[in-house]
Amino acid sequence: MEKQFKWSEEAEPHKKRTKDILKNHPEIRSLIGRNPYTIFVIMLCVGLQFSLAYFLKDVSWWWVFIAAYLIGAFACHTLFVCIHECAHNLLFKNRVLNTLSGILANLPLVFPSSVSFQKYHIKHHSFQGVEELDADMPFKWEAKMIDNSILGKALWLLFYPVFQLLRPLRLTKEISIFDKWTVINWLVQFSFMACIVYFFGAKATVFLIASFFFSIGLHPLGARWIQEHYLTHGDQETKSYYGVLNPVNLNVGYHNEHHDFPSIPWNKLPKVKAIANNYYETLGYHTSYTALLFRFLFDKNLSIYSRVARANRGKLRVIPATSHSSDTGKEQEILTGEPVVEADR
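Let us look at the structure shown here. (Residues numbered from 1 in each chain as written. Predicted model: local features only at pLDDT ≥ 70, side-chain atom pairs only at ≥ 80, totals over all residues. Heavy atoms only, no water.)

So, the overall build of the chain
Looking only at helices and strands, one finds 16 helices and four strands in the chain. Taking all 345 residues of the chain together, 58% fall into the buried category. The contacts of the chain with a sequence gap of at least 6 include a subset with a gap of at least 24, amounting to 78%. With the model as given, the accessible surface of the chain reaches about 15,600 Å², and the carbon-plus-sulfur share is 65%. (Helix = DSSP H or I, 4+ residues; strand = E, 2+ residues; numbered from the N terminus. Buried < 20%, exposed > 50% of the residue type's maximum accessible area, 1.4 Å probe, protein only. Contact = heavy atoms within 4.5 Å. Areas by Shrake-Rupley, 256 points an atom, 1.4 Å probe, with all protein chains shown as cover.)

Comments concerning helix 3 (residues 61–87)
The largest bend in helix 3 comes to about 45°, at Ala68. Phi for Asn89, located one or two positions after helix 3, is positive at around 55°. (Bend = angle between axes of the 7 residues up to and from the residue.)

With respect to the packing of aromatic side chains
To describe a pair of aromatic rings, one takes the distance between the centres and the angle between the planes. In total, this model carries 25 aromatic pairs according to the counting rule given. Judged by centre distance (5.2 Å) and plane angle (75°), the ring pair of Tyr54 and Phe55 falls under edge-to-face. For Tyr54, a relative accessible area of 39% translates into the label partly exposed. Arranged with centres 5.3 Å apart and planes meeting at 85°, the rings of Phe212 and Phe213 form a pair that is edge-to-face. On the basis of relative accessible area, Phe212 is assigned to the buried category, the value being 4%. Each member of the aromatic cluster is reached from another via a ring pair, and the members are Phe50, Tyr54, Phe55, Phe192 and Phe200. (Phe/Tyr/Trp six-rings, centres within 6.5 Å; stacked < 30°, edge-to-face > 60°.)

Structural notes on unusual backbone geometry
Even without being glycine, Leu250 reaches a positive phi, approximately 55°. As for its placement among the helices and strands, Leu250 is situated in the loop between strand 2 (240–241) and helix 12 (255–260). Even without a glycine there, the phi angle at Asn251 is positive, about 55°. Inspection of the secondary structure assignment puts Asn251 in the loop between strand 2 and helix 12. Judged by its relative accessible area of 11%, Asn251 falls in the buried class.

Observations concerning the nonpolar core
Of all hydrophobic cores here, the largest spans 70 residues; its most connected members are Ile42, Trp156, Phe207, Leu208 and Phe296. With twelve residues, the single largest contributor to this core is helix 3. Counting 15 residues, the second-largest nonpolar core is a separate cluster that includes Leu31, Tyr242, Tyr254 and Leu269. (Core = buried A, V, L, I, M, F, W, Y, C linked by side-chain atoms within 4.5 Å.)

Let's talk about the side chain of Thr205
Tracing the backbone shows Thr205 in helix 10 (residues 202–215). Those residues in contact with Thr205 that sit more than four places away from it in its chain are Met193, Ile196 and Val197.

Comments concerning the pattern of salt bridges
Summed over the entire model, instances satisfying the criterion amount to 13 salt bridges. Here Lys119 makes a salt bridge to Asp179, at a shortest N to O gap of 3.2 Å. In this pair, Lys119 is assigned in helix 5 (residues 114–126) and Asp179 in the loop between helix 8 (160–166) and helix 9 (180–200), connecting sequence segments 60 residues apart. Relative accessible area serves as the criterion here: at 32%, Asp179 is assigned to the partly exposed category. Among the ionic pairs, Asp299 bridges to Arg295, the shortest N-O distance being 3.5 Å. (Salt bridge = Lys/Arg side-chain N within 4 Å of Asp/Glu carboxyl O.)

Here we look at helix 5
An ideal rise of 1.5 Å per residue puts 18 Å on 13 residues; helix 5 measures up with 19 Å between its terminal C-alpha atoms. Taking the largest bend as the criterion, helix 5 deviates by roughly 30°, centred on Tyr120. By the criterion of burial, helix 5 is predominantly enclosed, with twelve of the 13 residues buried. Turning to helix 5, its buried residues number three or more, namely Ser114, Val115, Phe117, Gln118, Lys119, Tyr120, His121, Ile122, Lys123, His124, His125 and Ser126. (Expected span 1.5 Å × (residues − 1).)

Concerning a nonpolar patch on the surface
Taken together, Trp141, Met145, Leu151, Leu155, Phe159, Val162, Leu166 and Leu169 make up a surface patch of nonpolar side chains, about 760 Å² in accessible area. Among the elements of the structure, helix 6 (140–146), helix 7 (150–158) and helix 8 are those that each provide at least two residues to the nonpolar patch. Structurally, Met145 is set in helix 6. In this structure Met145 comes out as exposed when scored by relative accessible area, which is 51%. (Patch = residues over 30% accessible without salt bridge, like charges linked within 9 Å, V, L, I, M, F, W, Y side chains within 5 Å.)

Points about the packing of helix 3 against helix 4 (residues 95–106)
Geometrically, a packed helix pair is captured by the angle between its two axes and the distance between the axes. Running from N to C, helix 3 and helix 4 point in directions that differ by 165°, and their axes come no closer than 9 Å. In terms of their interaxial angle, helix 3 and helix 4 are classed as roughly antiparallel. In this structure, helix 3 meets helix 4 at a crossing whose hand is left-handed. The residues of helix 4 that touch helix 3, namely those facing Leu79, Ile83 and Cys86, are Asn98, Ser101, Gly102, Ala105 and Asn106. Within the contact of helix 3 with helix 4, the residues separate by chemical class into four nonpolar, four polar and no charged. (Axes fitted to C-alpha atoms, helices over the stretch in contact; angles between N-to-C directions. Parallel < 35°, antiparallel > 145°, perpendicular 65-115°, else oblique. Left-handed = near helix turned anticlockwise from the far one by under 90°. Nonpolar A, V, L, I, M, F, W, Y, C, P; charged D, E, K, R; others polar.)

If you want it as structure tokens, here you go:
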């Protein structure tokens, strides 16, 4: 078993594929845009978690954890996807509205994270596999500590939110951790949780905490983190998931498609695959999070080390801009993974 990340001198794979796809399927440019209706998904999931917290405050503890695993985890995972959409400014043209939407989606997730995620996530696209700049890359000590035991990997998944919260700390030289919006995120989140504790009590609070940990931890949904960038198919860095949970979780499984075109909102990612299927049908993919979860736990060839690491982003492609300003904006969206938005007001 490998005791180090797989090193690569090559640029991450998405830049070249994006260029090739755009050359042969320029109609994909028409999919770039925003989906303001995502705000209603946020409101639905926040309302669901708030209502469940209220109705579970006086029930048996068994029902608290059952509801968290079978319902709350799915709602929270969908909210994570919504925060991800907000980070890419894929709801509204105005950046502030996207930030506020992310803070709203953060409410049932217990810990303030939406603004911080918004800061470091774009670097994951630009610097995939660069430990100092990609907050999705595990720490070396993290991989060494977990090693390859079944128990170690299960505990790693169970406490994955803790590791995920620690990783952005290594980006402090590149990104300012605290600013106005971070403080607002923290104040709103802690105030919301204080109200839950005071008015709803311990069981409602534990329900939200358990839903949060299950949603990205030891749960079939937690296999998403293995699916996206762990080496389950040879040296292929990014894998998509084409399974039954994609409609529930806002097409989060279309991960190759998302990395190739990060400025296309979740509802149009299946169209990317449909248009450019000749590029995606030859790539490895997953169809079951449950099967992947058990494979990760019991396969001795899969560990936290099963990631590609690199020292830099590689050469950037240059796509000539057209003479039209709107087209130029779309080119910038394709290149940076961050849509052009109205200035903050």
